[in-house]
Amino acid sequence: MKRLAPALALVLCAAIPALADKVATPIPIGIAVGQTSNVALFGQEQVNGAKIAEERLNAAGGVNGTKITLVFQDTAGDEAGAVNAFQNLINRDKVVAIIGPTLSQQAFAANPIAERAKTPVVGPSNTAKGVPEIGEFIGRISAPMTQVAPYSVKQAMKLNPDIKRVAVLYAQNDAFSSSETVTFQDAVKNLGLETVTVQKFQTTDNDFTTQVTAVLGAKADLVIISGLAADSGNLVKQLRQLGYKGLIVGGNGLNSPNMFPVCGALCSDILVAQAYSPATVDKNPVNKDFATAFEAAYKKGPAQFSAQAYTAVQVVTEALAKIEKETGKKIADFELAELREMLNKSLRTGSYMTPIGEISIQPSGEVEQKDFYVSKIVMNPDGKTGSFVLVS
Ligand code: VAL
């Protein structure tokens, strides 16, 4: 009997706080993105966008008068960092949902933790195939590259109808890049083009001489790159320095102005398919409000990763408001575990008018988005700053 007592006490200690957990106010929403490491090139943009969402949504009343508060946990750039951030947010900070992680590579490691803890995840930037399939509590507002990427190859063919020979390069140690390259290679085939070389690299590489030599040797007239921002930026730079003159299509990892300092003036003329355009402000008042607030705060216009982070916070906030409307009960009166389950369902009902247009989250967790864009990077004469200029 005596020997059982400590075990019993342990069980009780573990069970009682879990049962008693109510949702805190202001309502905590976890943001688990890469604020340090090479992934910070994306994560910084995500933090900026999320902060604008917190400010704008709270100014508009939050969740029917109750404020939300974002709890930031840096995931850095690897799987362990994401797992750690998820555990802290779920168990210590008791968030209602997690927005993150930045990379699909991290999502495949960290999302199963949230799934087991029945805590909803809204991916703000995961674009690899298979992310929502990780579990019932896993969703995203970032359209998969299977839907977005082919537009940029089609646009390259419009700009240069003589394109025939394509070199494809991808980061083989990154889940998103390995997934995106399959989509690109299928698009190349479906459009009747020839893949003349497929080159692999690592997201940690900074010397791309071997790959560039192969591209030049294969006489490619289109280069398609799937990687993250720092590696891809260096790859583009070395391609141009060693004499490649053709068009470059960049995947989702090249969709960030934070890449501009990496390739400088040589970033010009990269074509990138995008799930957000600041150009819709005239017909989308939500985007206008977001873009105006973003510009006032950071003295620059928002790009895709910021807009998607804003969207993720907005979607969680609106889904919480829907629960109150349907149950007539305030969020703070729910037990956390119950609320997390209801929120997961609520996220998947109805549609949301967001800076990235009207979207919904399907029961599978996959986003449904209507509008995609293709932009070309145009660098300014200073060789440091530039912009994504809409081409379609
Ligand atoms: N979209 C990519 C991913 O899913 C990066 C660029 C954030 O990993």
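All values reported here derive from a predicted model rather than from experimental measurement.

**Remarks on the domain arrangement of the protein**
- Considered domain by domain, the protein is made up of domain 1 (4-143 + 284-361) and domain 2 (147-274 + 373-390).
- Computed over C-alpha atoms only, the centres of domain 1 and domain 2 are separated by 31 Å.
- Taken together, the contacts link 18 residues of domain 1 with 18 residues of domain 2.
- When domain 1 packs against domain 2, close to 1400 Å² is buried across both sides, 57% of that on carbon and sulfur atoms.
- At the boundary of domain 1 with domain 2, the tally comes to zero salt bridges.

**Some details on the environment of Val-153**
- Note on placement: Val-153 falls in helix H6 (residues 150-159).
- Placed 92 residues apart in sequence, Val-153 and Lys-245 show a C-alpha to C-alpha distance of 17 Å.
- Filtering out sequence-adjacent residues up to four positions away, Val-153 remains in contact with Phe-184, Ala-187, Leu-191, Leu-193, Leu-222 and Ile-224.

**A short note on the site of the ligand**
- Near the ligand you find Phe-42, Thr-102, Leu-103, Ser-104, Ser-125, Asn-126, Thr-127, Phe-176, Asn-252, Gly-253 and Phe-305, and these make up its full shell.
- In the environment of the ligand, a nitrogen atom lies 2.6 Å from a nitrogen or oxygen atom belonging to the side chain of Asn-252.
- For the ligand, whose unbound accessible area comes to 260 Å², protein coverage reaches 100%.
- Across the shell around the ligand, the residue classes tally to four nonpolar, seven polar and no charged.
- Residues from two domains meet in the shell around the ligand; each of domain 1 (4-143 + 284-361) and domain 2 (147-274 + 373-390) gives at least three.

Thresholds applied
Residues numbered from 1 in each chain as written. Predicted model: local features only at pLDDT ≥ 70, side-chain atom pairs only at ≥ 80, totals over all residues. Heavy atoms only, no water. Domains from an automatic or database assignment. Contact = heavy atoms within 4.5 Å. Buried area = accessible area lost by both parts, 1.4 Å probe. Salt bridge = Lys/Arg side-chain N within 4 Å of Asp/Glu carboxyl O. Helix = DSSP H or I, 4+ residues; strand = E, 2+ residues; numbered from the N terminus. Near = heavy atom within 4 Å. Polar contact = N/O pair within 3.5 Å; in protein donor to acceptor, adjacent residues only side chain to side chain. Areas by Shrake-Rupley, 256 points an atom, 1.4 Å probe, with all protein chains shown as cover. Nonpolar A, V, L, I, M, F, W, Y, C, P; charged D, E, K, R; others polar.

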